[in-house]
Amino acid sequence: MNWQDNYIDMHSHILPGADDGSESMEQTISMLHMAYKEHIGTIIATPHYIPGEDNPSVEYLRDIAEQVQQQAYKINKNLRILLGNELYYSESIIEELKSGKAMTLADSSYVLVEFAYGIDYKSMCRGINNLTCHGYIPILAHIERYFCLHRDANKVDELVKMGCYIQMNCHSVMGGFFNADASYNRKLLNNNLVHIVSSDCHSDRTRVPMMQTAVKHLLKKCDEEPVKKIFLENPTRILENIYI
Ligand SMILES: [Fe+2]
């Protein structure tokens, strides 16, 4: 099978009614069709988990994920739905992971974690350290959104050296030569400072499921090897729960 035929989307808000993503099963089904057309074979549903808020229980999410899986099978028998959370970082997240209230990615040791966009760099480092010290492997969600890391590849490099992996959204690597943000994001990717690119899809209208569109775009501007690593090899290793 060609490496561009079976992507793993590790960051999605595809479960209906679980967070600010899909609003209904109808919308989820539409998103599944879009995902399939984008050559996505595995979707990790990562509903937001915000400590201190009224988050849906793991049992409830597993039940909805199973319902979505049944719909996915109708589109293609190989389309898989797995489960995790996008964790909003707070110190209490460690306890909530340990108690099973919050989830890692597909039962691995990897956790998809986001911080407040305006967080200062030292606090972000402390959070990443806290997760690694407790045996979790952090993947920093949509790195392009944090003010403290803006256009500062050295800080991103430091985070990676601390044991943090970096996720970027598909939309953020799109855009032509004159799109300064997209050009910079692709530079990070070419410099091995991005490990995962995912859709972070929220609906079938805006922030839609996407992988193949981003890959096609990237292959016009980047070498095939790093793109293949980011879109196939790294996500595969995460699902196998081995280090990237
Ligand atoms: Fe997200």
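Everything discussed here concerns the structure shown above.
The structure reproduced in this document is the subject of the present report. From a predicted model like this one, the values you see are computed outputs, not experimental measurements.

## Points about the packing of helix α4 (residues 121-133) against helix α5 (residues 153-161)
At a minimum axis separation of 10 Å, α4 and α5 run at an interaxial angle of 20°. If you check the angle between α4 and α5, you find them roughly parallel. In terms of crossing hand, the pair formed by α4 and α5 is right-handed. Of the residues in α5, those touching α4 at Tyr121, Met124, Cys125 and Ile128 are Lys155, Glu158 and Leu159.

## Section: unusual backbone geometry
Of note in this structure, aspartate 107 is not a glycine but carries a positive phi near 60°. Inspection of the secondary structure puts aspartate 107 in the loop between α3 (93-98) and β6 (110-114). Judged by relative accessible area, which is 63%, aspartate 107 ranks as exposed. You will see that aspartate 200, though not glycine, has its phi angle at about 50°, which is positive.

## A few points about the packing of aromatic side chains
Within this structure, the stated rule accounts for five aromatic pairs. In this arrangement the basic side chain of lysine 155 is found over the ring face of tyrosine 121, its NZ or CZ atom lying 5.3 Å from the centre.

## Describing the coordination of the iron ion
The coordination sphere of the iron ion, as far as protein atoms go, consists of His11 (NE2), His13 (NE2), Glu86 (OE) and Asp200 (OD), spread over 2.0 to 2.3 Å. One can describe the donor arrangement at the iron ion as irregular, given that its four donor atoms subtend angles of 79 to 167° at the metal. For the iron ion, the donor residues sit on a single chain with the sequence spacing H-x1-H-x72-E-x113-D. Placement of histidine 13 in the loop between β1 (7-12) and α1 (25-37) and of glutamate 86 in strand β5 (residues 86-88) is noted, with a sequence separation of 73 residues between them. Classification of histidine 13 as buried rests on a relative accessible area of 1%. On the accessibility criterion, glutamate 86 (0% relative accessible area) is buried.

## Looking at a negative patch on the surface
Residues Asp223, Glu224, Glu225 and Glu233 make up a contiguous surface patch of negative charge. Following the sequence through the fold, aspartate 223 ends up in the loop between α7 (212-219) and α8 (224-239). The class of aspartate 223 is exposed, set by a relative accessible area of 54%.

Definitions and limits used
- Residues numbered from 1 in each chain as written.
- Predicted model: local features only at pLDDT ≥ 70, side-chain atom pairs only at ≥ 80, totals over all residues.
- Heavy atoms only, no water.
- Axes fitted to C-alpha atoms, helices over the stretch in contact; angles between N-to-C directions.
- Helix = DSSP H or I, 4+ residues; strand = E, 2+ residues; numbered from the N terminus.
- Parallel < 35°, antiparallel > 145°, perpendicular 65-115°, else oblique.
- Left-handed = near helix turned anticlockwise from the far one by under 90°.
- Contact = heavy atoms within 4.5 Å.
- Buried < 20%, exposed > 50% of the residue type's maximum accessible area, 1.4 Å probe, protein only.
- Phe/Tyr/Trp six-rings, centres within 6.5 Å; stacked < 30°, edge-to-face > 60°.
- Lys NZ or Arg CZ within 6 Å of the ring centre and 35° of its normal.
- Donors = N, O, S within 2.8 Å, 3.2 Å for Na, K, Ca; no water.
- Tetrahedral: all angles 85-135°; square planar, octahedral: opposite > 155°, others 65-115°.
- Patch = residues over 30% accessible without salt bridge, like charges linked within 9 Å, V, L, I, M, F, W, Y side chains within 5 Å.
- Areas by Shrake-Rupley, 256 points an atom, 1.4 Å probe, with all protein chains shown as cover.
- Salt bridge = Lys/Arg side-chain N within 4 Å of Asp/Glu carboxyl O.
- Lys, Arg positive; Asp, Glu negative; His and termini not counted.
- Charge placed at Lys NZ, Arg CZ, Asp CG, Glu CD.

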